[in-house]
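Fold and geometry: a report
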Amino acid sequence: MTTSSKNKRTCSQGHTYYKSSDCPTCPICEQDLKPENGFLSMLSAPARRALENHGITTLQELSNYSEKDILKFHGMGPASLPKLRTALEASGLSFKE
């Protein structure tokens, strides 16, 4: 079993955290950015950022994409699709065919 060493880092906001990967995302800043409600709050941080980076912040905007399109976004995985599908259906919407 290998152990990964974590490196101490400080983000531009002054938060100190430890990470073993090369990912530059500060987990403290990321937690502050997470919405408290809405469909984006149900997603993992990478999936949420994937949608936000494509300008998708509402279910109406999401409904303009197919599931296949969404899965192409970096950071979006298949585990997020059921959550997105449920949120769309609750609002009377669906993914584009």
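This text gives an overview of the structure that appears in the document.

What counts as what
- Residues numbered from 1 in each chain as written.
- Predicted model: local features only at pLDDT ≥ 70, side-chain atom pairs only at ≥ 80, totals over all residues.
- Heavy atoms only, no water.
- Buried < 20%, exposed > 50% of the residue type's maximum accessible area, 1.4 Å probe, protein only.
- Helix = DSSP H or I, 4+ residues; strand = E, 2+ residues; numbered from the N terminus.
- Pairing = 2+ DSSP bridges.
- Core = buried A, V, L, I, M, F, W, Y, C linked by side-chain atoms within 4.5 Å.

Here's the deal with the pairing of strand β2 (residues 16-19)
Side chains of β2 alternate between two faces, with Tyr 17 and Lys 19 buried and Thr 16 and Tyr 18 left unburied. By the bridge criterion, four bridges tie strand β1 (residues 7-10) to β2 in an arrangement that is antiparallel. Residue pairing across strands places Arg 9 opposite Tyr 17, the latter belonging to β2. Count of turn residues in the β1/β2 antiparallel hairpin: five residues, of which Gly 14 carries a positive phi of about 95°.

What to know about the nonpolar core
Phe 39, Leu 51, Leu 62, Ile 70, Met 76 and Leu 84 are the most contacted members of the largest nonpolar core, which totals 17 residues. At the level of elements, α2 (45-53), α3 (59-62) and α5 (81-90) are the ones that each hand at least two residues to this core.

Nothing here speaks to function; it is all geometry.
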